[in-house]
Amino acid sequence: MREIVLDTETTGLDPLRGDRLVEIGCVEMFNRMPTGQSFHVYINPERDMPAEAFAVHGLSAEFLTTKQLFHEVVDEFLEFIGDAPLVIHNASFDISFINAELDRIKRAAIPRERLVDTLLLARRKHPGVSNRLDDLCSRYAIDNSRRTKHGALLDAELLAEVYVDLVGARQSQLLLASEAEEMRVNGAADAPRRQRPVPLTPRISDAEREAHRAFIATLGDKAIWNEFLPAPGAASAG
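The paragraphs below set out a description of the structure included in this document. Since the model is a prediction, treat every value here as computed from it, not as a measurement.

Now for unusual backbone geometry. For Asn-31, which is not a glycine, the phi torsion comes out positive at approximately 55 degrees. On the basis of relative accessibility, which here comes to 48%, the residue Asn-31 falls in the partly exposed class. One non-glycine residue, Arg-32, lies in the positive phi region at around 65 degrees. Mapped onto the fold, Arg-32 is located in the loop between strand E2 (21-30) and strand E3 (33-42).

Right, here's the structure in full:
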């Protein structure tokens, strides 16, 4: 299954009061594994940058004036995310900004049914504690030392790692990796084999075995079947 882990940076907290997107970062995952494909863009918000927002992400108005407008990058963005579920931390915040930008250029909103909110997942799994992205990275021993400021692509990459732990997919990946290691014999792959803890009950009765032996006997002394029967009087092994 294809999923897109997404994060944004903005000029503030409320798109209804004129705050705008300034950065989008996306990471593609397939079957809960990062594929290495990503989408990242800075966006000119066509307005000033409040000091509070600059302190969070470090993106100045001067830096952003040289970047493309949202309507110039929207097609590439929508093509990248396709119809995949969107994995977002505090999804209502990011999607409100994205949909506000889409509304400005008369494009269809992204439905909330597509959202996977990792903040809600974390609150269910770890109730009563802080579940910020930094907290989850610490909890799951994910290195976030590069996160000196918020950045959409870096945060999406970190969230992708957190998401794998939140949904318990990392244990499955470790099991698959262990099985893959067992499959390597002299550099060649072989299907993993597991021993049943309890052997299956035989489905052939003693009477059926005896009837089969009697049938084999009717084929004569030189029948090929006799090669697979123990010689008369032969001692059993063991």
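Size it by volume and the largest pocket reaches roughly 630 Å³. Taken together, 28 residues make up the lining of the largest pocket; nearest its centre are Glu-9, Val-56, Phe-93, Arg-147 and His-150. Mapped onto the lining of the largest pocket, the elements with two or more residues apiece are strand E1 (2-10), helix H1 (51-57), helix H4 (91-104), helix H5 (118-125), helix H6 (133-139) and helix H7 (152-166).

Note on pairing: side chains with opposite charge can pair once their charged atoms come close. Taken as a whole and assessed by the stated rule, the structure comprises 14 salt bridges. The partner of Asp-135 in a salt bridge is Arg-132, with the nearest N and O atoms 3.0 Å apart. Residue class for Arg-132 comes out exposed when judged on its relative accessible area of 52%. Counted as one network, the salt bridges with shared partners bring together Arg-20, Glu-46, Glu-101 and Arg-104.

Quick look at the pairing of E3 now. Across 7 bridges, E2 lies against E3 in antiparallel orientation. For Cys-26, the partnering residue across the bridge sits in E3 and is Phe-39. Counted between consecutive antiparallel strands, the loop separating E2 from E3 contains 2 residues, among which Asn-31 sits at a positive phi close to 55 degrees.

What counts, and at which threshold
- Residues numbered from 1 in each chain as written.
- Predicted model: local features only at pLDDT ≥ 70, side-chain atom pairs only at ≥ 80, totals over all residues.
- Heavy atoms only, no water.
- Buried < 20%, exposed > 50% of the residue type's maximum accessible area, 1.4 Å probe, protein only.
- Helix = DSSP H or I, 4+ residues; strand = E, 2+ residues; numbered from the N terminus.
- 1 Å grid on protein atoms, 1.4 Å probe; cavity = no way out; pocket = protein on both sides within 12 Å on 5 of 7 lines; lining within 4 Å.
- Points joined across faces, edges and corners; volume = space filled by probe spheres on them.
- Salt bridge = Lys/Arg side-chain N within 4 Å of Asp/Glu carboxyl O.
- Pairing = 2+ DSSP bridges.

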